[in-house]
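Structural overview for review
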Amino acid sequence: PVQIRVATRDGASSFLGAHVVVTLPSSFDGEFEISSNNGSVEANLEGSAPSSTKVVTDNGGIELYGARGPLEVYGGNGDVTVGVSEWASDGTGSVYADLGDIGFSVPSDADGSASLDNFPFYAPPL
């Protein structure tokens, strides 16, 4: 596996950050995973064929295109947009946004099912 890690040293300014760009060859067919503590994630996997797709960020939005295989996407704070290129053969997956909107698309020829749950929320009286 290849692991890319961005970190700051103790005592570094809290305003430091990094933008990481990963380019995958079209022959890539392994597991794809991104985990970010603080910052948005943009990943375009179109043209490759990951066996699974996992993207997690605690603070920041997610834009993910070309997802394949079992899917796990979690956005702690920010909007989550997911474009699926191929439905998982085992039918497993989840897309979650703790504080944000979700945009989800699948190809028109996808053969599978999706279920959407409506979680109750509290709205203060006007």
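Residues numbered from 1 in each chain as written. Predicted model: local features only at pLDDT ≥ 70, side-chain atom pairs only at ≥ 80, totals over all residues. Heavy atoms only, no water.

Re the overall build of the protein
- Counting its secondary structure elements, the protein contains zero helices and eight strands.
- Secondary structure elements of the protein, listed N to C terminal, follow the sequence β-β-β-β-β-β-β-β.
- Looking at the 126 residues of the protein, the share that counts as buried comes to 24%.
- Residue pairs in contact within the protein that sit at least 24 positions apart in sequence constitute 5% of those at least 6 positions apart.
- Within the structure as shown, the protein displays about 9300 Å² of accessible surface, and the carbon and sulfur contribution to it stands at 48%. (Helix = DSSP H or I, 4+ residues; strand = E, 2+ residues; numbered from the N terminus. Buried < 20%, exposed > 50% of the residue type's maximum accessible area, 1.4 Å probe, protein only. Contact = heavy atoms within 4.5 Å. Areas by Shrake-Rupley, 256 points an atom, 1.4 Å probe, with all protein chains shown as cover.)

A short note on the nonpolar core
- Of all hydrophobic cores here, the largest spans 15 residues; its most connected members are Leu64, Leu71, Val73 and Val82.
- Counting residues per element, the ones that place at least two in this core are strand 2 (41–44), strand 4 (62–68), strand 5 (71–75) and strand 6 (80–86). (Core = buried A, V, L, I, M, F, W, Y, C linked by side-chain atoms within 4.5 Å.)

Digging into the packing of aromatic side chains
- Scanning the model with the defined rule gives one aromatic pair in all.
- On the numbers, 5.4 Å between centres and 5° between planes, the contact of tyrosine 74 with tyrosine 96 is stacked. Highlighted residues: tyrosine 74 in strand 5 and tyrosine 96 in strand 7 (residues 93–97), separated in sequence by 22 residues. (Phe/Tyr/Trp six-rings, centres within 6.5 Å; stacked < 30°, edge-to-face > 60°.)

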